[in-house]
Amino acid sequence: MKLFVVFALVAAASCAPQNPQDVQILRYDVNNAGIDSYNFAWELSDGTKHEEQGQLKNIGTENESSVVQGQYAWVGPDGVQYTVTYIADENGFQPQIQQGPGGAVPSAVVASLLG
Ligand SMILES: *[C@@H]1O[C@H](CO)[C@@H](O)[C@H](O)[C@H]1NC(C)=O
């Protein structure tokens with residue numbers, strides 16, 4: 001029983017919302033290879049993160065276009081982590097939202113993500 005209480009406290013502490021002033025940058029990587037590709041990734045201590053890579057395809061043809069794919073995530077006020085994985089290409093922005101255990105994505109959030 002005591003062990004369970006300790007686990008519960010640790011879990012609660014790691015999920016507790018952080019004061020915005022206490023949020024730390026855990027990772028910040030940016031690579032720009034010039035005009036044809038780039039990628040970046042950053043992560044904050046409050047569980048917010050975003051990584052993305054973009055690439056130019058069909059370079060020099062009439063169908064030259066860029067393809068961007070990535071993923072961003074955040075921990076909602078409900079303590080649930082939400083993750084949006086997307087690809088954006090000639091077919092538009094195509095997001096997929098996933099949620100951690102313990103919550104359902106509010107329909108208004110889904111609607112705003114899907115435009
Ligand atoms: C560009 O895309 C169009 C439409 O998909 C296609 O008809 C055309 O053949 C493509 N051009 C090249 C150079 O691939």
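Note that the structure is predicted; figures quoted are calculated from it, not measured.

Asker: Describe in detail the pattern of salt bridges, supporting the description with residues and values.
Answerer: In total, this model carries 2 salt bridges according to the counting rule given. Here Arg-27 and Asp-29 are joined by a salt bridge, their closest N and O atoms 2.9 Å apart. For Asp-29, a relative accessible area of 35% corresponds to the partly exposed category. Across the pair Lys-57 and Glu-90 runs a salt bridge whose closest N-O atoms are separated by 3.2 Å. Within this pair, whereas Lys-57 is found in strand β3 (residues 49-57), its partner Glu-90 is found in the loop between β5 (81-89) and β6 (92-99), the two being separated by 33 residues in sequence. A relative accessible area of 29% places Lys-57 in the partly exposed class. Overall, the relative accessible area of 51% leaves Glu-90 in the exposed class.

Asker: Go over the packing of aromatic side chains with me, naming the residues and quoting the values.
Answerer: As enumerated under the stated definition, the model contains 5 aromatic pairs in all. Ring plane angle 15° and centroid distance 6.4 Å describe the contact between Tyr-38 and Phe-40, whose orientation is recorded as stacked. Taking the relative accessible area as the measure of exposure, Phe-40 reaches 22% and is therefore partly exposed. The interplanar angle of 50° and the centroid separation of 5.8 Å between the aromatic rings of Tyr-72 and Tyr-86 together place this pair among those described as tilted. With a gap of 14 residues between them, Tyr-72 in strand β4 (residues 65-75) and Tyr-86 in strand β5 connect regions that are remote in the sequence. Look at Tyr-72 and you get partly exposed, because its relative accessible area is 22%. Residue Tyr-86 is classed as buried on the basis of its relative accessible area of 6%. Among the aromatic residues, ring-to-ring pairing joins Tyr-72, Trp-74, Tyr-82, Tyr-86 and Phe-93 into one connected group.

Asker: Explain a nonpolar patch on the surface to me, using residue names and the numbers behind them.
Answerer: A surface patch of nonpolar side chains, amounting to about 360 Å² of accessible area, comprises Ile-25, Tyr-28 and Val-30. With respect to the helices and strands, Val-30 occurs in strand β1 (residues 25-32).

Asker: So, the sheet that holds β4: which residues are in play, and what are the values?
Answerer: If you trace the 6 strands from one edge of the open sheet to the other, you get β1-β2-β3-β4-β5-β6, paired in antiparallel fashion. At either margin of the open sheet sits one strand with a lone partner, and together these are β1 and β6. The sheet shows a mean angle of 5° between the axes of neighbouring strands, taken without regard to direction.

Asker: Tell me about the side chain of Asp-89, and name the residues and values.
Answerer: Mapped onto the secondary structure, Asp-89 falls in strand β5. For the buried Asp-89, no salt bridge is present, and the opposite-charge side chain at shortest range is Lys-57, 5.4 Å distant. Here the side chain of Asp-89 touches Gln-94 through a polar contact of 2.9 Å, side chain to side chain. Residues within four places of Asp-89 in sequence aside, it is in contact with Ser-66, Val-67 and Gln-94.

Reading guide: rules and limits
- Residues numbered from 1 in each chain as written.
- Predicted model: local features only at pLDDT ≥ 70, side-chain atom pairs only at ≥ 80, totals over all residues.
- Heavy atoms only, no water.
- Salt bridge = Lys/Arg side-chain N within 4 Å of Asp/Glu carboxyl O.
- Buried < 20%, exposed > 50% of the residue type's maximum accessible area, 1.4 Å probe, protein only.
- Helix = DSSP H or I, 4+ residues; strand = E, 2+ residues; numbered from the N terminus.
- Phe/Tyr/Trp six-rings, centres within 6.5 Å; stacked < 30°, edge-to-face > 60°.
- Patch = residues over 30% accessible without salt bridge, like charges linked within 9 Å, V, L, I, M, F, W, Y side chains within 5 Å.
- Areas by Shrake-Rupley, 256 points an atom, 1.4 Å probe, with all protein chains shown as cover.
- Pairing = 2+ DSSP bridges.
- Axes fitted to C-alpha atoms, helices over the stretch in contact; angles between N-to-C directions.
- Lys, Arg positive; Asp, Glu negative; His and termini not counted.
- Polar contact = N/O pair within 3.5 Å; in protein donor to acceptor, adjacent residues only side chain to side chain.
- Contact = heavy atoms within 4.5 Å.

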